[in-house]
Amino acid sequence: MDTGNLAILMIIIVSLGFFLMIFGVVYLNKREKLALIERNMDPRNYKPQSAPYQNLKWGLLLIGAGIGLFFAFTISHLMFNFYDEPDVFFLYVALIAVFGGLGLFLSYRIEKREVLDKEELYKEK
């Protein structure tokens, strides 16, 4: 394929994707408002529920991914002599996934501990 044809194809695909994204956001927003009206709620006064531990979850996930990336970089430069091995990419992906998963697990444990502490506090009263 010619680069001119690829550029035209890319412009069409990006434009179509952008249109579908906007359409999907508007469609889902209207469906949410209609669902609220069906439940006899006022959509203007509705505020979505907050997720108090969302920042903790994302923070620990990104910290874990960063640590995994750092360890993969260190291992690949110390052991594989600056990318002589072709499978170094899989080391990066694996360590990012492992440490990102550990970050999510740590987030789960922290949330669970906080929720259990609150439940025990309400049981005592």
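Quick note: structure is the one above.
Conventions adopted
- Residues numbered from 1 in each chain as written.
- Predicted model: local features only at pLDDT ≥ 70, side-chain atom pairs only at ≥ 80, totals over all residues.
- Heavy atoms only, no water.
- Helix = DSSP H or I, 4+ residues; strand = E, 2+ residues; numbered from the N terminus.
- Rg over C-alpha atoms; globule rule 2.2 N^0.38 Å.
- Buried < 20%, exposed > 50% of the residue type's maximum accessible area, 1.4 Å probe, protein only.
- Contact = heavy atoms within 4.5 Å.
- Core = buried A, V, L, I, M, F, W, Y, C linked by side-chain atoms within 4.5 Å.
- Phe/Tyr/Trp six-rings, centres within 6.5 Å; stacked < 30°, edge-to-face > 60°.
- Polar contact = N/O pair within 3.5 Å; in protein donor to acceptor, adjacent residues only side chain to side chain.
- Patch = residues over 30% accessible without salt bridge, like charges linked within 9 Å, V, L, I, M, F, W, Y side chains within 5 Å.
- Areas by Shrake-Rupley, 256 points an atom, 1.4 Å probe, with all protein chains shown as cover.
- Salt bridge = Lys/Arg side-chain N within 4 Å of Asp/Glu carboxyl O.
- Lys, Arg positive; Asp, Glu negative; His and termini not counted.
- Charge placed at Lys NZ, Arg CZ, Asp CG, Glu CD.
- Expected span 1.5 Å × (residues − 1).

### With respect to the overall build of the chain
Within the chain, the regular secondary structure consists of three helices and zero strands. When the elements of the chain are put in sequence order from the N terminus, they spell out α-α-α. Relative to its length of 125 residues, the chain is extended, with a C-alpha radius of gyration of 24 Å against a globular reference of 14 Å. Dimensions of the chain, computed from the C-alpha atoms along their principal axes, are close to 65 × 55 × 15 Å. When each of the 125 residues of the chain is scored for burial, the buried share is 13%. Look at the contacts in the chain between residues 6 or more apart in sequence, and 52% of them connect residues 24 or more apart.

### A word on the nonpolar core
With five residues, the main nonpolar core is built from Ala72, Val88, Tyr92, Leu95 and Phe99. With four residues, the single largest contributor to this core is helix α3 (residues 88-124).

### Quick notes on the packing of aromatic side chains
Following the criterion strictly, the structure yields five aromatic pairs and no others. Aromatic pair Phe19 and Phe23: ring centres 6.3 Å apart, planes at 20°, arrangement stacked. Of this pair, Phe19 and Phe23 both sit in helix α1 (residues 3-38), separated by four residues, roughly a single helical turn. Centroid distance Phe89 to Phe90: 5.6 Å. Interplanar angle 70°. Geometry classified as edge-to-face. One aromatic cluster is present, built from ring pairs that chain together Phe19, Phe23 and Tyr27.

### Comments concerning the side chain of Ser76
Topologically, Ser76 is positioned in helix α2 (residues 54-79). Looking at Ser76, its side chain comes within polar contact range of the main-chain oxygen of Phe73, at 3.0 Å. Within polar-contact distance, the side chain of Ser76 engages the side chain of Tyr92 at 3.2 Å.

### A short note on a negative patch on the surface
There is a patch of like negative charges on the surface, built from Glu114, Asp117, Glu119 and Glu120. Mapped onto the secondary structure, Asp117 falls in helix α3.

### Digging into α1
Spanning 36 residues, α1 covers 52 Å between terminal C-alpha atoms, matching the ideal 52 Å at 1.5 Å per step. Once α1 finishes, Asn40 follows within two positions and takes phi at roughly 60°, a positive value.

### Description of the pattern of salt bridges
Taken as a whole and assessed by the stated rule, the structure comprises one salt bridge. For Asp42, the salt bridge is made with Arg44, and the minimal N-O distance between the two is 3.4 Å. On the basis of relative accessible area, Asp42 is assigned to the partly exposed category, the value being 30%. For Arg44, a relative accessible area of 73% corresponds to the exposed category.

### As for unusual backbone geometry
In the Ramachandran plot, Asn40 falls in the positive-phi region, its phi being about 60° despite a non-glycine side chain. You can see Asn40 is positioned in the loop between α1 and α2.

Any functional reading would require information that these geometric values do not contain.
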